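# Per-entry structural report
Letter by letter, the chains look like this.
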Amino acid sequence: MHSSAVSAPAKVLVAGGYLVLERQYKGLVFALSARMHVHIQSSSTVDFPADNILVRSPQFVAAEWRYRYQKLPGEGGVSVTQLDR
Amino acid sequence: MGFLVSGECLLSSTFACSSSPSARNAFVEACLNNALTYVSSVAPGNLGPAIVTILADTGYYSQPTEASPAAASVPNSSDFIRFQVPLKDAHKTGLGSSAALVTALTGALLSYYLPKSSYDLSSADGKSRLHNLAQIAHCAAQGKIGSGFDVAAAVHGSCVYTRFSPGILEELGPAGSPSFSRNLRAAVDDQTPSGSPVNGIWDTMILADTLMLPKGIRLLMCDVDCGSETVGMVKKVLTWRKQRPDEADIIWESLAGENAKLQDSLAALVQMQQSEPKMYSDGLKTIAHDFEQSWQHKIWSGEYVKIRKTIFCIRDLLRRMSAQAQVPIEPPPQTELLDACSALPGVLGGVVPGAGGYDAIVLLVVDDDEVLGQLTDFLSLWEGSGTTKVRALDVREERDGVKSEQKDYRPWIS
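In this report, we go over the structure that sits alongside the text. Keep in mind the model is a prediction, meaning the values are calculated, not measured.

## Quick notes on helix H11 (residues 302-325) of chain B
The end-to-end C-alpha separation of H11 of chain B is 34 Å, in line with the 34 Å expected for 24 residues at 1.5 Å each. Where H11 of chain B terminates, the next one or two residues include Gln326 of chain B, which has phi positive at roughly 60°.

Right, dumping it as structure tokens:
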């Protein structure tokens, strides 16, 4: 089954708060060891609609969002609509 | 039901969830809209159904106390904890990173839908495109253009950051507008090699591998009481800065100077640790065991003393900013706590990070079990004025930004 997983770190801005909003000032930002992980895989069930993307956060109760994606006309790109449960 | 967007966010607002399970999640939607649009522009045939699982490391949320419902850890999965509660009840730590979520989700979507031949997250090009796309998605989700330091760190790891001009995203137009796909593609593909300003639209500067701590020194974050109203604070400070530019400039320029000194001192310590390891570690041992007055006399390398003084200067300037802008950036309870921690053996100093307020403080400490033990004991007994309990968080600084994972995520993935 095709799948991908990626993680990215949280951060702490140790120096440069407020200053970093302006281009002439720098911020010193450290990445932290607390990371967010995202895993994506294809569906294993036959009746999962071809234009659906299900997003879930299983560490928590009832944290799930199902979307239908559609290509917009012309060069509008792709847009998702949440499907209510 | 509506959007819950967040700036400096907390775990529950990272997921933008309220009590209704079908409440919208602004960050997930913005990632999907932007990443799928980009994928469709690069490889239209590749879109398809998918199941996305989001997991947050333990550092994000508080440890359960004896009083609260226990979080059951799942066998065979040491990194992630299950909470038997809905998101809205997850205690907030003040670490939160919507930027980490947006970066991981955008990176995963690109890696999933595009073949390695056209997108490789581990390459400089992959990081550049991910950076651009994640900045766009994050701003879209927040409904405003922030400085972007958090997305930069999520992509590139620890770094010295100079923001992009907010105007560069004005040409983009909202998602779904007539030339959105073409504009997005152009903005994303515009190369922003880390570390150099470019002639393209992304005039940011991200110096990764430039900001680091020497071995033997670490960051320690201490959670106080979360819920600083960052958006409101930033607004107030910026209003004051506009109204009193001369007053504000004095503080800004002084802070910039002290921040540069801090960066230089850290670099000097890294250099010392590599070229004069004995002097470096003798200095560390002295700091770890002696109280401030004595180690200032004993240490013949001035770098440690310099760093300590620089941090005190930075804090003094932040308190001046607090007073003049009338915003609680380093409010008295945090001053008390920081001063007390800074007096302990092994603590070089600490600050209120980011926009300040009552979010977690960050300390620079000698990475030694005895030092950390004394510190955590001290914190557990801390009863500052008007704050709740203080707790060291199980996090530390990390060099790495975004990366592909080969982990086994079972049983979290269905």
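## Quick look at the interface of chain A and chain B
Taken together, the contacts link 71 residues of chain A with 118 residues of chain B. Carbon and sulfur atoms make up 62% of the area that chain A and chain B hide from each other, which totals about 8700 Å². When residues of chain A are sorted by the area they lose upon contact with chain B, Tyr18, Met36 and Gln59 of chain A head the list and together hold 10% of the total. For Glu75 of chain A, the salt bridge is made with Arg182 of chain B, and the minimal N-O distance between the two is 3.1 Å. Summed over the shared surface of chain A and chain B, the result is 46 residue pairs in polar contact (both at pLDDT 80 or more). Every element with two or more residues in the side of chain A that touches chain B is listed here: strand S1 (3-15), strand S2 (27-41), strand S3 (52-56), strand S4 (64-71) and strand S5 (78-83) of chain A. Ranked by residue count, the leading element in the side of chain A that touches chain B is S2 of chain A, at 15 residues. Looking at the side of chain A that touches chain B residue by residue, the classes come out as 40 nonpolar, 20 polar and 11 charged.

## Digging into the packing of helix H12 (residues 332-342) of chain B against helix H13 (residues 369-381) of chain B
Residues and elements named next belong to chain B. One can describe the packing of H12 onto H13 by two numbers: an axis separation of 11 Å at closest approach and a directional angle of 150°. Considering only the axes of H12 and H13, their crossing is right-handed. Residues Leu337, Ala340 and Cys341 of H12 form the contact with H13, whose participating residues are Leu375, Phe378 and Leu379. In terms of residue class, the contact of H12 with H13 is made up of 6 nonpolar, no polar and no charged.

## Notes on the environment of Leu121 of chain B
Along the chain, Leu121 of chain B falls in the loop between helix H3 (98-113) and helix H4 (124-142). Exposure remark for Leu121 of chain B: the relative accessible area of 4% places this residue in the buried category. A C-alpha to C-alpha distance of 7.0 Å links Leu121 of chain B and Gly107 of chain B, two positions 14 residues apart in sequence. If sequence neighbours within four positions are ignored, Leu121 of chain B has contacts with Val6 of chain A together with Gly107, Ser111, Gly126, Lys127, Leu130, Val402, Lys403 and Ser404 of chain B.

## A few points about the packing of aromatic side chains
Residues and elements named next belong to chain B. This model, assessed by the stated rule, comprises 7 aromatic pairs over all chains. Arranged with centres 6.1 Å apart and planes meeting at 25°, the rings of Phe80 and Tyr409 form a pair that is stacked. Of the two residues, Phe80 sits in the loop between strand S1 (50-56) and H3 while Tyr409 sits in the segment after strand S9 (403-404), which places them 329 residues apart along the sequence. Assessed through its relative accessible area of 2%, Phe80 is described here as buried. Of the residues examined, Tyr409 reaches a relative accessible area of 2% and is grouped as buried. An angle of 80° between the planes, with centres 5.0 Å apart, marks the rings of Tyr112 and Tyr113 as edge-to-face. For the residue pair Tyr112 and Tyr113, the accessibility class agrees, reading buried in each case. Ring-pair connections join several aromatic residues into one group, and the members of that group are Phe80, Tyr409 and Trp412. In this structure, Arg163 packs its charged tip against the face of Phe164, placed 5.3 Å from the ring centre.

What counts and how
Numbering of residues starts from 1 in each chain and follows the order in which that chain's sequence is written. The order in which chains are written sets their letters, starting at A; the order in which ligands are written sets their numbers, starting at 1. Given that this is a predicted model, residues contribute local features only at a pLDDT of at least 70 and side-chain atom pairs are listed and counted only at 80 or more, while totals for whole chains, interfaces and linings are drawn from all residues. Excluded from the side-chain calculation are hydrogens and water; included are all heavy atoms of the structure. Secondary structure is summarised from DSSP: a helix means a run of H or I of at least four residues, a strand means a run of E of at least two, and numbering begins at the N terminus for each. To estimate the expected span of a helix, count its residues, drop one, and scale the result by 1.5 Å. Contact between two residues is taken to exist if any of their heavy atoms lie within 4.5 Å; hydrogens are not considered. A quick way to say it: buried area is the sum, across both parts, of accessible area lost when two parts are put together, with a 1.4 Å probe. The term salt bridge refers to a side-chain nitrogen of Lys or Arg lying within 4 Å of a carboxyl oxygen of Asp or Glu. Two N or O atoms form a polar contact when they lie within 3.5 Å of each other; inside protein one atom must be a possible hydrogen donor and the other a possible acceptor, and for residues adjacent in sequence the pair counts only when both atoms belong to side chains. Note on residue classes: Ala, Val, Leu, Ile, Met, Phe, Trp, Tyr, Cys and Pro are nonpolar, Asp, Glu, Lys and Arg are charged, and everything else, Gly too, is polar. Every axis in this analysis is a line fitted to C-alpha atoms, fitted for helices over the stretch in contact. Angles between the N-to-C directions lie between 0 and 180 degrees. Rotating anticlockwise by less than a right angle from the far helix to the near helix defines a left-handed crossing, while the corresponding clockwise rotation defines a right-handed one. Only protein chains enter the accessibility calculation, which uses a 1.4 Å probe; a residue whose area is less than 20% of its type maximum is buried, one above 50% is exposed, and one in between is partly exposed. The criterion for an aromatic pair is that two Phe, Tyr or Trp rings (for Trp, the six-membered ring) have centres within 6.5 Å, with stacked assigned to planes under 30 degrees apart, edge-to-face to planes over 60 apart and tilted to the rest. Here, a charge over a ring means that NZ of Lys or CZ of Arg falls within 6 Å of the ring centre while also lying within 35 degrees of the ring normal.

Treat this as a map of the structure, not an account of what it does.
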